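Given next are the chains, with one letter for each unit.
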Amino acid sequence: MASQASHSELKLHQPENFQFNSVPDSHDWLYLYDHPFADPIGPDSVPVIDLTYSKLIEKIGKACEEWGVFLITSHGIQPELLNQLGSQIHRLFALPTEVKLKVAKTEARMPGYGGVPSARFFPKFTWSEGFSITSSPREHAQKLWPDDYSSFCEVIEEYKKITRQLGCRLMHIMLLSLGLTEEEINHTAIGDSNKILTSMHLNSYPACPNPDRALGLVPHTDPGLVTILYQDGVSGLQVLRHKDGNGPARWVTVPFIPGTLVVNMGDLMHVLSNGRFHNVLHRAVVNKTDQRLSAGQFFVPPVDVNVGPLNRLITGSQPVYKSVPWLEYWKLRETLYDESLQAIKVDGHGKEEGEESTCKPRNFGFEHHFDLDKRIGARSNRYK
Ligand SMILES: O=C(O)CCC(=O)C(=O)O
Ligand SMILES: [Fe+2]
């Protein structure tokens, strides 16, 4: 019974597989322009870092502090593998709805077909479909393609393996940029790369008849350490730049540059760095002509590991955050969403400047007031 309910809810989520002539009320976001849009040029150029650069440590450190997001080139992942990944993601979302529903999630955090957990904090559906992979995708792939599931699994496994090494290397460089020695890095919560866990989330954002009235992915920060994001040729990821000398708070579109991958900082990297690295607020918008595909790989520590500001960064100064087990922080995110970091701040550390414009679920221009508890309840039921 439970999975039946979830199937019908998921159908509601993407009625008729997004074949609409206009945006239906269920997806009508009404209010995308809480901040102006800015092109990624001049002072808003998203950093592009060639991993063979000299002074790599400084460049990565600067990008983590000033942006919390950057693009990488010369990352060692063959273009052929990236193309194969794009083809497999396309193949997955091109399946008929009833086939995809065979592997529908039964809960937001479970692997399978469905939306992202944070969507439940918001009043409307997003213009997207998702597929989460926690360990091996084999069981689900067998249900989707009983006669030919191995190519999907092989590409995903290969991509996961190689980006895992890449992510661990990048996190190591990030810690070096904070001034830690190799010895100190070994003693941090993420010093042992064998213990780092990863999961993947594949996204499809169908072309949309009115992209001004629909949102692909809700504004959020990634809760974990870092994320490596593949995008298939169409841009749509936007990051929020806080108000500064170059203008008011604004959504900057991360460009698509062939062969690059996007790296962004999550909440835990922000905590480890005692607030120095920027956990970038981001969302995805949709467009009128092209389907957009992406794949995020999320890096997290083991659930029981305590994550707090690195010792090296708090000698002589007060930590901004308390140290908490990752699992505990994750639970806070599940209930408090964008207020969860505030909840682990050491007393006396108030909101930072610019912190006001967050992804806090607001009424987004809707006339009536939304009751957050009711909304969360309604959305959670979707996954039951
Ligand atoms: O599709 C994108 O560009 C963003 C995906 C993302 O932020 C996520 O999956 O956490
Ligand atoms: Fe994200």
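- Looking at an unreviewed UniProt entry, one finds the protein chain named Gibberellin 3-beta-dioxygenase 2-3, with Rhynchospora pubera as its source organism.
- Taken from UniProt, the Sequence similarities (unreviewed entry) comment for the protein chain reads in full: "Belongs to the iron/ascorbate-dependent oxidoreductase family."
- Per UniProt, the protein chain carries the Cofactor (unreviewed entry) text "L-ascorbate".

### Concerning the packing of aromatic side chains
- Scanning the entire structure with this criterion turns up 7 aromatic pairs.
- Pairing Trp 145 with Phe 152 gives two aromatic rings, centres 5.0 Å apart and planes at 40 degrees, and the pair type is tilted.
- Geometrically, the ring pair formed by Trp 326 and Trp 330 is stacked, given 5.8 Å between the ring centres and 5 degrees between the ring planes. In this pair, Trp 326 and Trp 330 are both assigned in helix H10 (residues 326–336), 4 residues apart and thus about one turn of the helix distant.
- Residue classification places Trp 330 among the partly exposed residues on the basis of a relative accessible area of 25%.
- Taken together, the aromatic side chains of Trp 29, Phe 121, Phe 122 and Tyr 337 make up a single cluster linked through ring pairs.
- A cation sits over an aromatic face here: Arg 91 above Trp 145, 4.2 Å from the ring centre.

### Considering the site of ligand 1
- Near ligand 1 you find Asn 203, Tyr 205, Leu 217, His 220, Asp 222, Leu 229, Leu 237, His 282, Arg 292, Ser 294 and Phe 298, and these make up its full shell.
- In this structure, an oxygen atom belonging to ligand 1 sits 2.6 Å away from a side-chain N or O atom of Tyr 205.
- His 220 is positioned with one of its side-chain polar atoms (N or O) 3.1 Å from an oxygen atom of ligand 1.
- Coverage of ligand 1 by the protein chains reaches 95% of its 300 Å² of free accessible surface.
- Among the detected pockets, ligand 1 sits in the largest pocket.
- Of all elements in the fold, only strand E6 (197–205), strand E7 (215–220) and strand E13 (292–300) reach the threshold of two or more residues within the shell around ligand 1.
- Take the shell around ligand 1: its biggest share by element is 3 residues, from E13.

### Brief notes about the layout of surface pockets
- The volume enclosed by the largest pocket comes to roughly 870 Å³.
- Lining of the largest pocket is provided by 45 residues; of these, Arg 109, Ser 199, His 201, Pro 223 and Phe 298 occupy positions nearest its centre.
- Of all elements in the fold, only strand E5 (129–133), E6, E7, strand E8 (226–231), strand E12 (282–285), E13 and H10 reach the threshold of two or more residues within the lining of the largest pocket.
- The element contributing the most residues to the lining of the largest pocket is E6, with 7 residues.
- Its residues assigned to classes, the lining of the largest pocket shows 24 nonpolar, 14 polar and 7 charged.

Calculation rules
Residues numbered from 1 in each chain as written. Chains lettered and ligands numbered in written order. Predicted model: local features only at pLDDT ≥ 70, side-chain atom pairs only at ≥ 80, totals over all residues. Heavy atoms only, no water. UniProt positions renumbered as here; feature names shortened; annotations may be inferred. Phe/Tyr/Trp six-rings, centres within 6.5 Å; stacked < 30°, edge-to-face > 60°. Helix = DSSP H or I, 4+ residues; strand = E, 2+ residues; numbered from the N terminus. Buried < 20%, exposed > 50% of the residue type's maximum accessible area, 1.4 Å probe, protein only. Lys NZ or Arg CZ within 6 Å of the ring centre and 35° of its normal. Near = heavy atom within 4 Å. Polar contact = N/O pair within 3.5 Å; in protein donor to acceptor, adjacent residues only side chain to side chain. Areas by Shrake-Rupley, 256 points an atom, 1.4 Å probe, with all protein chains shown as cover. 1 Å grid on protein atoms, 1.4 Å probe; cavity = no way out; pocket = protein on both sides within 12 Å on 5 of 7 lines; lining within 4 Å. Sits in = over half its atoms within 2 Å of the grid points. Points joined across faces, edges and corners; volume = space filled by probe spheres on them. Nonpolar A, V, L, I, M, F, W, Y, C, P; charged D, E, K, R; others polar.

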